[in-house]
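One letter stands for each residue in the lines below.
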Amino acid sequence: MSEPPVRPGCEPFAFEGGPIGTLMLHGFSGSPASMRPMGTWFAEQGLSVQIPRLPGHGTGVEDFKRRTSAEWVDEAAAALARLRERCRTVVVLGQSMGGALAIHLAAMAPGDVDGLVLCSPYVFDLRLIGLPVGKRLLKQVKGIGNDVAKPGQDELAYDVLPVEAISTMFRLLTFARADLPKVRTPALVFEPGQDHTIPRSNPRKVYEALGSQRKELIRCPRSYHLITLDHDAEMVRERVVGFARDLETPRA
């Protein structure tokens, strides 16, 4: 089957900078558009950047619903490998479901992930227990994109969500929950002031379950779920660069 065209604005982004690399993973049904402004700023600071487009995202709903969680993991792992080839220090930043993917990478390849940054990480959701019944009753539900307090932001997410794709996401979240205690990577967890997309307890539960000895939970009081495009994004990006440079110093 031929690949469908990528919608304008949803293209992946990459920049070859210095020895510090940042892998940025967008959320479920979103696109690299949610990461591009922050990723561009990282590049301006001299960091190397990879923002992959997860398969099925930024194309069309029919493409989205046929994709597997293994494809998402493979795409993220390939981008991580590209950074590792040229960077001494690599930080993986995940927004929402991208956070679950980042956790899975840190558990799967701990030697390749030097730092973990989780923005509104999405790992726990009791609502998904009803999926087996929901799949028999519904084909799709309303989209969940653009939960942002800051006006004028657009992550170019889908307007509707196929229940098949939600089931695929649930499998990834299951992996991430099991991975949390295995992670030893230093981590920053950013918690929004309000979240209208996922259960608000997620960031704190993820923070508490992480096996990392060095970890910090940071509030983003002016932001909703999509922290990377919201009012606190400037604070977040500065904390991430400081975190990455601190991890890089012993290697340099």
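Residues numbered from 1 in each chain as written. Predicted model: local features only at pLDDT ≥ 70, side-chain atom pairs only at ≥ 80, totals over all residues. Heavy atoms only, no water.

The subject of this paragraph is the overall build of the chain. In terms of regular secondary structure, the chain is built from eight helices and nine strands. For the chain, whose C-alpha radius of gyration is 17 Å, the value lies close to the compact-globule estimate of 18 Å for 252 residues. C-alpha extents for the chain along the principal axes are approximately 55 × 40 × 35 Å. Sequence separation of at least 24 residues holds for 78% of the intrachain contacts in the chain that already meet a minimum separation of 6. (Helix = DSSP H or I, 4+ residues; strand = E, 2+ residues; numbered from the N terminus. Rg over C-alpha atoms; globule rule 2.2 N^0.38 Å. Contact = heavy atoms within 4.5 Å.)

At their nearest, the axes of helix 1 (residues 36-44) and helix 8 (residues 233-248) sit 11 Å apart, and the two run at 40 degrees to each other. As summarised for this structure, helix 1 and helix 8 are arranged oblique, according to the angle between their axes. Two packed elements cross with a definite hand, and for helix 1 against helix 8 that hand is right-handed. When helix 1 is examined against helix 8, the residues Met 38, Trp 41 and Phe 42 are found in contact with a partner set consisting of Ala 233, Val 236, Arg 237, Glu 238, Val 240 and Val 241. (Axes fitted to C-alpha atoms, helices over the stretch in contact; angles between N-to-C directions. Parallel < 35°, antiparallel > 145°, perpendicular 65-115°, else oblique. Left-handed = near helix turned anticlockwise from the far one by under 90°.)

What follows deals with the side chain of Thr 89. You can see Thr 89 is positioned in strand 4 (residues 89-95). Taking the relative accessible area as the measure of exposure, Thr 89 reaches 0% and is therefore buried. (Buried < 20%, exposed > 50% of the residue type's maximum accessible area, 1.4 Å probe, protein only.)

On to empty space enclosed by the protein, then. Applying the stated criterion across every chain, the model contains one cavity of 30 Å³ or more. When its volume is computed, the largest cavity comes out at roughly 90 Å³. Across the lining of the largest cavity, the residue classes tally to three nonpolar, eight polar and two charged. (1 Å grid on protein atoms, 1.4 Å probe; cavity = no way out; pocket = protein on both sides within 12 Å on 5 of 7 lines; lining within 4 Å. Points joined across faces, edges and corners; volume = space filled by probe spheres on them. Nonpolar A, V, L, I, M, F, W, Y, C, P; charged D, E, K, R; others polar.)

Interpretation note: all reported values are geometric properties and have no functional meaning in isolation.
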